[in-house]
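Chains, contacts and geometry: an overview
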Amino acid sequence: ADVAMVLHSVETVIDAVDETDQTPAPFFDPNSPADFEWDEGTDQWGKLTTDKLWDALGLKEHELPYFNSFIDKTGLRTPKTDPDWFNVDSEDLAPFAPRWHQLVGIVKGLDLAFRGKPLLLMDGVGFGKTVQLLGIFAMLAHQRAHYKKFKHFTGAFRK
């Protein structure tokens, strides 16, 4: 049902496009100065330790909600692909936790979401932008559920 709703929303926006509109697109000069403030995003959070970042999220267990707690060391199996996943020897598994730079990105992304600000994740290939984005979505879902039950958010976002 949620997917159908999203697809309907996308189709509504596409249907509203006026193909006869001849207004020229604004010129984009990549060398022009930005008309917005830009920062690396870690000014407020970048000096915190991993433990303090987990505290900021309000997660004492140091696990992202809705994420697997363990990963297959070989990278070949997941709970989705292997029906015996939960019976696998613990020697074959490693605890999953985002790295510090991913965790600070999740905290910053959540902070921006609460303030209604945009987020642009940019860095080199293989630095975990997907984990960060999924972590932000997971935390938003977690915060929403927590607020619904307790009437406040967790961690640094409590108020």
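These lines cover the structure that appears in this document, whether it is placed above or below. (Residues numbered from 1 in each chain as written. Predicted model: local features only at pLDDT ≥ 70, side-chain atom pairs only at ≥ 80, totals over all residues. Heavy atoms only, no water.)

Counting 15 residues, the largest nonpolar core has L57, V107 and M139 as the members making the most contacts within it. Where this core is concerned, the elements lending two or more residues are α2 (50–57), α3 (100–114) and α4 (129–150). Looking at which element gives the most residues to this core, the answer is α3, with five residues. The contact partners of V107, leaving out residues within four places of it in the chain, are W45, L53, A56, L57 and F157. (Core = buried A, V, L, I, M, F, W, Y, C linked by side-chain atoms within 4.5 Å. Buried < 20%, exposed > 50% of the residue type's maximum accessible area, 1.4 Å probe, protein only. Helix = DSSP H or I, 4+ residues; strand = E, 2+ residues; numbered from the N terminus. Contact = heavy atoms within 4.5 Å.)

Attention shifts here to α4. With 22 residues, α4 ought to run about 32 Å at 1.5 Å a step, and its terminal C-alpha atoms sit 31 Å apart, in line with that. For α4, the set of buried residues is Q132, G135, I136, A138, M139, H142, Q143 and H146. If you follow the buried residues of α4, they end up packed against α2 and α3. Looking one or two residues past α4, K151 carries a phi angle of roughly 65°, positive in sign. (Expected span 1.5 Å × (residues − 1).)

Counting through the fold element by element, H146 comes out in helix α4. Taking relative accessible area as the criterion, H146 reaches 15% and is therefore assigned buried.

Another point: the environment of A94. You can see A94 is positioned in strand β2 (residues 93–95). Distance from A94 to K73, taken between C-alpha atoms, is 5.9 Å for residues 21 residues apart in sequence. Once residues within four sequence positions are removed from consideration, A94 is found in contact with S69, F70, I71 and K73.

So, about empty space enclosed by the protein. Scanning the model with the defined rule gives one cavity of 30 Å³ or more in all. Approximately 40 Å³ is the volume attributed to the largest cavity. Lining the largest cavity we find W54, H62, E63, L64, F67, N68, S69, F96, A97 and P98. Here the lining of the largest cavity is composed, by residue class, of six nonpolar, three polar and one charged. (1 Å grid on protein atoms, 1.4 Å probe; cavity = no way out; pocket = protein on both sides within 12 Å on 5 of 7 lines; lining within 4 Å. Points joined across faces, edges and corners; volume = space filled by probe spheres on them. Nonpolar A, V, L, I, M, F, W, Y, C, P; charged D, E, K, R; others polar.)

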